Structures are given as structure tokens and as C-alpha cells.
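Each chain, written out:
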Amino acid sequence: MAEMENALDTAVRRLLQQNQLYEAGPDHSPEELDQLRIRQLNVENTSGDTFITVKFPAGDFLDCNGFQWETKEFLMNSEELLATGSTVFARLLSPEVQWHAKRRHRHPRNDLPASVRFCLDLTPSMEGEDSAYQVTQLSLSQGVRDWWRSYPIWQAASGLVSGHDDHCPNHFDIPLSDLNRSKTISPTYVDIDDLKYPDWRQILDYCPIRHRVAILRLLLAISRKELVLNSAPRVVTITAVAHMLDCTQVVKDSVLSWFLAGKNYNFIGINAEDAFKIAWTLQLPFIARLSFQVLVVEEAIEILQDPGDGGQEPRRSAKHSLFGRARGSITEEQETCIQHAAQKLAGRAEELWRQLNSADVDHYLGIEEWPSHDRHLCDGLRTCIYEAVASAATATSISRCSIEYTWAPIDRERAHYVPGPHRESTRDIYRRMSPAQLILTPYFWTSLTHLVGDRPNFLKAGRTGSFPLEPLVPEIRDETTAAVASSDDETSFDVETFLDRLEIAILELKRNWIRPEFFDVPVMTPGPMIFGLSEDEYNFLPLWAGGLDDGTGGVYQTEVPDADRGFPIGPGPAFRTGETIIDGGDYASTLGDDTATITTGTGTVTMTEGRSLQPAPSQSIITAESMGGFTLASTTAPSPAPQQNTDMATTARSVVSDDFDWSSEVFEELDLGSDTDDTDDESWTEIER
């Protein structure tokens, strides 16, 4: 009897829910009003100069209220369509296109209202290349389809993530307990493997109904109706449709609000590829830079993967990241952007590791308090730094500090989005990572700051290293402060000041690498990973996202290396340095006070102030006289040079004064050849720049 009463009560409540949309009122939710507006398009939108048609495919396609989707025909104002700045609407409303559109329209012209000037059939193509492109753009990733789980996992707002698909044939099979759940749930731990996956949540990656309803919602938004975004599939679909119709500005603000509402910002870190594509399409700089960080750091970590550790699959062929995050797809242009930025970041991480283990680590960290007067003490302090850095690059370093690093919270957080088969202990992952990879994790920086801050244990590393500190620093008091006199008693070294400066330097490095640029939005970093990008990486983003990519590809060109022959002195197709060039030889010369000598290749050359000698195409030998720093030339017919050494000798003699000492050591080492070579037939002229 009780079961029958419950069944009857369930049926009544569902019937009320089905019929409540017939009466619009202030108590209706935005989602209910959205459904009502779409259902009544044919009735309410009866004024305007543009007749719009969106045809639905035949079949049993139902909405959440059990109504079958049917073809929509309604009126809009062409001014509203053109006000979006859409080139697509401008083309569709052009006289040429309209002439064909009206001829193809199934209604006779006199069946349409007299106010109608334009006819638009916005029904998506069902075949051809255009159809294939639209299906590709509108296909949803698994992460987008599964984002409804953020409601029970992170307590994201139900009205933002739990909305049903537009084709929802099993809506009335959903338990009422699911439909009437409270908007908030207890913040208990939820493992993704413990969540049931009901049948009505299994939606298609592409749905023709979802595609057409998104077009209707976009048109309503153009008419200044509220755009209701109640799920990730709806956000991705409306973004793609707006892009196809070239009116992304219509949905831009609504999509940005959806990203930042409540705890929905976790979508950016968990589904970084989808967030990046949406931000790229709508030109949302904030979302683009956030998702870009996640993708670049992930890629850089895998670039730095130690080849001896088995390596990793190429980024796009691997379905999961190193920390188990499921990957989505991005365009080739976006992939290029991320790859170049990741290469830059990986190079910075490797350079940092090299610098922290170099003999100039004190200069790199900017530590002014350094016992440069005592080589052994310097070696001991460097050993302390090396030991701290090496210890921070292991997964056991925290146990040596005065704090305890707990791995359980990180593993629990990853259990929210990493399925069991792809879930490996975070500590085990860290143990397999190289030092340069660990630099891109917060673990390394937490370890290093605590190891340096633990001063007694930090200084003990110097005693056990190659250069023990204890005999060198006998005055250490409480293992933290000391004043050590140098061997000549002319200078002193304050250990406490040194440790203070070292801690400040490490903290500054940490701030630069764990960059708090977007801490107003606590986006989850899957891994965890750092947000350590610099402008070097951000430069690969487009201009609208704060990068330098203007679409020409120049941002991807490698920097021009320094020329072997110095810096250019003027424009032109050739690289002009203002020096006399003789192929195949090294030479040196001196031209008095108004000249400058530079190194080229393995020798040196002298450049005059504002004057240069350019050899004739025949590469003739120079014969010249010196007068006031200018080189005067006689013009005679050239003759072949007998050998290269003679060329060098004659060249050297031609650009120096008569009183130059030819017996100098510079020329004694060269076989300058004979002075009897026929050089009277050379032809040279002085050239002023």
C-alpha cells in the first residue's frame, strides 16, 4: 500500500512539473523560462522584417518536458542581426543571396507578412564538407560531457553544471530524488570512481537537436533575451555556433560569467584544452592565460622527462598527462603556441637547475654577503646550497625538515578527476621525476624554502661535504650566527646576514616561479603543478591575450645570432660591418688614434672611423699609402696573386703607416711572403661611408 502511494505521489509531482511551463510567472527558474521561450518562438516572435527557419530532423526527439522538437519559423529584425557585426548575417542578408533564398523558400511570397524583407534558413547542413566541419566543431569531449559531476564533487552550482541535454528522452525516468536535490550538498570527500553514471547522463558527443537549439538560443540572445547556460555541453555548443555565425560578442560575457561563477572555475584546470579553445574562440584573455599555464607546464614537464626513465608518449598521442588528467584536443595553431612556450619553460627550468649547482650560485642569487676573501669558506657555503638544492629535488627531502609534507590531501584531490586505472601515487610520480621537472612543482619550492630556513641542518651539510664548515667557522653560535675573521683579519663574514640574504633570494625565486598572477581565482592545478610562466612564454599568445603573436608567425622565428664579424653599421642586403674583408686569412693592423680594433674569427681587424675599404669583385691585392688616417690607392691593372700568404702580407702593409714596425712579434709568426710580388697593377679606391 505504501509503495502504491509513493508511486502515485511521484506521478502527480511529475505531471505538475510537466505542466508548470504553460504558466509563466515570477516563481519560474531561468532554465524553465528558457525552455518556455524556445517552445513559444513561433507564437511570440511575430514582428520583424526577417523570416527565419530552423528545421528539425524527423524522429522521436523530445525535450525535458516530453514535447517533440519541431521546425521553428519566426520573425526577427534585420537590424538586430546586422548590429552584431557578423559577416555571415551581412552576407545572408545581401541582395544576391536573398534573391536565391526567396526563390528556394517553400512559402509563396504572398503567404509571408507584408513587413518581411528577408528570408533566412539557418538549418544546419546535413551533408558535404560544411556539415563535416560543423560536426567536428560541435563534438563534445568526454570531460565536457562529464562535467555534471562537479556538482557532487566540488559543490559547483547545480544551475551551472547539472542541466540536461536538449534531447532528453529519459527525463521522466530520472528519480525525483535527483531532480529535487538541494542546491548544496555536504562537503564530504567524493571519489570519482564512487559516482554512479546514470543512463540519462550518457549523451552523444554530437547531437543535431543540441546544434539546432543552440542556434535558437543564440538568436534569442541577439534579441536581448537572457542566455541561460546550465551545463558545460551547452557552453561549448553555443560558443561553437556563435563562432560559425561570426557573432561571438553576443555570448562572450555570459560564457565568462559561467567560468567564474561559484566553484565552476575548476573547469579551467581539469578541462584545460576545452577552456583554452573556448577562450581562443571568444577572445577571453583571462581564461586563455589560465588554461595556457596548465597546458604549457604539463607539456614542459614531459619535455623534461628523463630519457632513461622510459620516456613518455608524445603529448597528443597520450590520452592522459603525467599526473593522470584526461586530455582533450586542440587545433594545430594552438598546439604550436603551447609547444613553443613549453620549450621555453623547459629551457628556463634546466638553466635554473644549472645555475643553482654552479660555482657562481652566489652571484646568481644576488647574495652580497659572501666570504670572497676565503676560498675554503666559499666552497663550504656552496656545498650547503648544493646539498639543499639536491635534497629538494628528491621525494624524501621534506622528512629532513622541521615540517611534515603530507601526500594524502594531494592524492585525494586527484581522485576527484583521475579514474582509478590512471591514478598513481603522487609521491611515486615525484620519485620518477628529474630535478628540472620537480622545479615545475610546488613540492620543490616548499622543500627548498624549508631546507634553507632550517639553519642548523643547513649548515651541517657544509661540514659533511667536501669542505667542512666546522673547522672553518669555529665561532658559529647556536649554529645560526657567527662572525668569521678572514686569514688576513682585514675583512669579516657574518653568517647570520648570509643566511638572511639566502632565504630572501630563495623566496624571491619561489615567487617568480609560483607566480600569483591569478590568485584571485583559485584554479586547480592538476598535478599539482606551479604557475611559473614568464613573459617569455606568454609572448607566444595572440595579441588579444597579452602575447606578441600578430598572426604573421614572427613570434616563432628564432633569434638572429651575433655575427662573427661584429655588429652592422648600416642597412642593405649585405651584412656591412665597415671593415676590410680578405677571404681566407686572419690579420691584424693598427691605424692610429682614430681607429678601433675588433676581433673576427681567430684574428683582429681595425675599423676606421666612418671609412671602410671594400675589395673589388676580383679580390685584388691592396697596395696603398697612408696619409692622415685615410687610405690612398693607385689604380693599375690586377694580376693573379701567387699565394695566399702574399695576399695577407700586402693587405697588412696597405692599411698601416710607413713607420710601422714590421719586425713585431705579430708578423714574425706569419709567413708574409716576398715583397717582390707584382702588386703595382692593383686597383683600389677610397670609399667614404
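Keep in mind that what you see is a predicted model, and the values were worked out from it rather than measured.

(A) Representation of the overall build of the protein. Scanning the protein for helices and strands turns up 29 helices and 11 strands. The burial tally for the protein puts 47% of its 689 residues in the buried class. In the protein, the proportion of contacts linking residues at least 24 apart, taken out of those at least 6 apart, comes to 70%. Entry remark: accessible area of the protein is about 34600 Å², with carbon and sulfur atoms responsible for 51%.

(B) Expanded view of unusual backbone geometry. Even without being a glycine, D246 presents a positive backbone phi close to 55°. For D246, the location among the structural elements is in the loop between helix 13 (232–244) and helix 14 (249–260). Given a relative accessible area of 30%, D246 falls into the partly exposed group. Look at Q283: it is not a glycine, yet its phi comes out positive at around 55°. Structurally, Q283 is set in the loop between helix 16 (272–282) and helix 17 (285–303). On the accessibility criterion, Q283 (37% relative accessible area) is partly exposed.

(C) Up close: helix 16. Burial of helix 16 is extensive: 9 of the 11 residues sit out of reach of the surface. All of the buried residues along helix 16 are A272, E273, D274, A275, F276, I278, A279, W280 and L282. In this fold, the buried residues of helix 16 make contact with helix 8 (142–145), helix 13, helix 14, helix 15 (266–270), helix 17 and helix 18 (332–356).

(D) Looking closely at the confidence of the model for the protein. Of the residues in the protein, 63% reach a pLDDT of 70 or more, and the chain-wide mean stands at 74. Long-range and interchain partners of residues 651–657, a stretch whose pLDDT sits below 50, account for 20 contacts in this model, where long-range means more than four residues apart.

(E) Expanded view of the layout of surface pockets. Of the voids in this model, the second largest pocket is the one considered here, and its volume is about 520 Å³. What lines the second largest pocket is a set of 21 residues, and nearest its centre among them are T136, Q137, K277, T281 and T331. Secondary structure elements with two or more residues in the lining of the second largest pocket: helix 7 (129–138), helix 13, helix 16 and helix 18. Tallied by class, residues from the lining of the second largest pocket come to 8 nonpolar, 10 polar and 3 charged.

(F) Representation of the pattern of salt bridges. Following the criterion strictly, the structure yields 24 salt bridges and no others. Salt-bridge contacts for R289 lead to E535; the nearest nitrogen and oxygen are separated by 3.8 Å. Of this pair, R289 sits in helix 17 while E535 sits in helix 27 (residues 535–538); the two residues are 246 residues apart in sequence, bridging distant segments of the chain. According to the relative accessible area criterion, R289 is buried, its value standing at 11%. Residue classification places E535 among the partly exposed residues on the basis of a relative accessible area of 46%. Among the ionic pairs, R455 bridges to E503, the shortest N-O distance being 2.9 Å.

(G) How the structure looks around the packing of aromatic side chains. Summed over all chains, the structure comprises 17 aromatic pairs. A centroid spacing of 5.4 Å and a plane angle of 75° characterise the contact between W258 and F267, whose relative ring orientation is edge-to-face. The same class applies to W258 as to F267, namely buried. Looking at R289, its charged tip hangs above the ring of Y538, at a distance of 3.9 Å from the centre. The aromatic ring of W513 is capped on one face by R348, whose charged end is 4.4 Å from the ring centroid.

(H) Looking closely at the packing of helix 24 (residues 442–453) against helix 26 (residues 495–513). Closest axis-to-axis distance for the helix 24/helix 26 pair is 10 Å, and the angle between their directions is 170°. Judged by the inter-axis angle, helix 24 sits roughly antiparallel to helix 26. Residue-level inspection shows W445, T446, L448, T449, V452 and G453 of helix 24 in contact with helix 26, the latter providing L502, E503, I506, L507, L509, K510 and W513. For the contact of helix 24 with helix 26, the per-class residue count stands at 8 nonpolar, 3 polar and 2 charged.

(I) Fine view of the sheet that holds strand 2 (residues 72–76). What the 3 strands build is an open sheet, ordered 2-1-3; its pairing is mixed. Both outer strands of the open sheet, strand 2 and strand 3 (118–121), are each paired with one neighbouring strand and no more. Neighbour-to-neighbour, the strand axes of this sheet turn through a mean angle of 20°, independent of strand direction. Across 5 bridges, the pairing between strand 1 (residues 50–54) and strand 2 is antiparallel. What sits directly across from T50, in strand 2, is M76. Contacts from helix 12 (residues 208–222) reach strand 1 and strand 2, with the element oriented near 20° to strand 2.

(J) Region of the structure containing the nonpolar core. Counting residues in hydrophobic clusters, the biggest one holds 140 residues, and the most contacted among them are F89, L219, F292, L440, F458, F498 and W513. The residues contacting F292, other than those within four sequence positions of it, are F276, C337, I338, A341, L533, E537, Y538 and L541. Grouped together as the second largest cluster of nonpolar side chains are 5 residues, F51, L112, V116 and C119 included.

(K) Layout of empty space enclosed by the protein. Counted under the stated rule, the structure contains 5 cavities of 30 Å³ or more. In this structure, the second largest cavity spans a volume of roughly 180 Å³. G163, H164, D165, I203 and P233 are, among the 18 residues lining the second largest cavity, the residues nearest its centre. Where the lining of the second largest cavity is concerned, the elements lending two or more residues are helix 8 and helix 13. Among the elements that take part in the lining of the second largest cavity, helix 13 stands out by supplying 3 residues, more than any other. Considered class by class, the residues forming the lining of the second largest cavity number 9 nonpolar, 3 polar and 6 charged.

(L) Focus on helix 13. With 13 residues, helix 13 should reach 18 Å at 1.5 Å per residue; the first-to-last C-alpha distance of 19 Å fits that figure. For helix 13, the buried fraction is high: 12 of the 13 residues fall into the buried class. Looking at helix 13, one finds that the buried residues are A232, P233, R234, V235, V236, T237, I238, T239, A240, V241, A242 and M244. Of the residues that open helix 13, the one with a side-chain oxygen 3.3 Å from the backbone nitrogen of R234 is S231.

(M) Representation of the pairing of strand 1. Within strand 1, 5 of the 5 residues are buried, which leaves the element mostly enclosed by the surrounding structure. Burial along strand 1 is two-sided: the face carrying T50, I52 and V54 and the face carrying F51 and T53 are both buried. Strand direction decides the pairing type here: strand 1 and strand 3, joined by 4 bridges, are parallel. Bridge assignment links T53 to a residue of strand 3, and that residue is D121.

Quick notes on the rules
- Residues numbered from 1 in each chain as written.
- Predicted model: local features only at pLDDT ≥ 70, side-chain atom pairs only at ≥ 80, totals over all residues.
- Heavy atoms only, no water.
- Helix = DSSP H or I, 4+ residues; strand = E, 2+ residues; numbered from the N terminus.
- Buried < 20%, exposed > 50% of the residue type's maximum accessible area, 1.4 Å probe, protein only.
- Contact = heavy atoms within 4.5 Å.
- Areas by Shrake-Rupley, 256 points an atom, 1.4 Å probe, with all protein chains shown as cover.
- pLDDT = per-residue confidence, 0-100.
- 1 Å grid on protein atoms, 1.4 Å probe; cavity = no way out; pocket = protein on both sides within 12 Å on 5 of 7 lines; lining within 4 Å.
- Points joined across faces, edges and corners; volume = space filled by probe spheres on them.
- Nonpolar A, V, L, I, M, F, W, Y, C, P; charged D, E, K, R; others polar.
- Salt bridge = Lys/Arg side-chain N within 4 Å of Asp/Glu carboxyl O.
- Phe/Tyr/Trp six-rings, centres within 6.5 Å; stacked < 30°, edge-to-face > 60°.
- Lys NZ or Arg CZ within 6 Å of the ring centre and 35° of its normal.
- Axes fitted to C-alpha atoms, helices over the stretch in contact; angles between N-to-C directions.
- Parallel < 35°, antiparallel > 145°, perpendicular 65-115°, else oblique.
- Pairing = 2+ DSSP bridges.
- Core = buried A, V, L, I, M, F, W, Y, C linked by side-chain atoms within 4.5 Å.
- Expected span 1.5 Å × (residues − 1).
- Polar contact = N/O pair within 3.5 Å; in protein donor to acceptor, adjacent residues only side chain to side chain.

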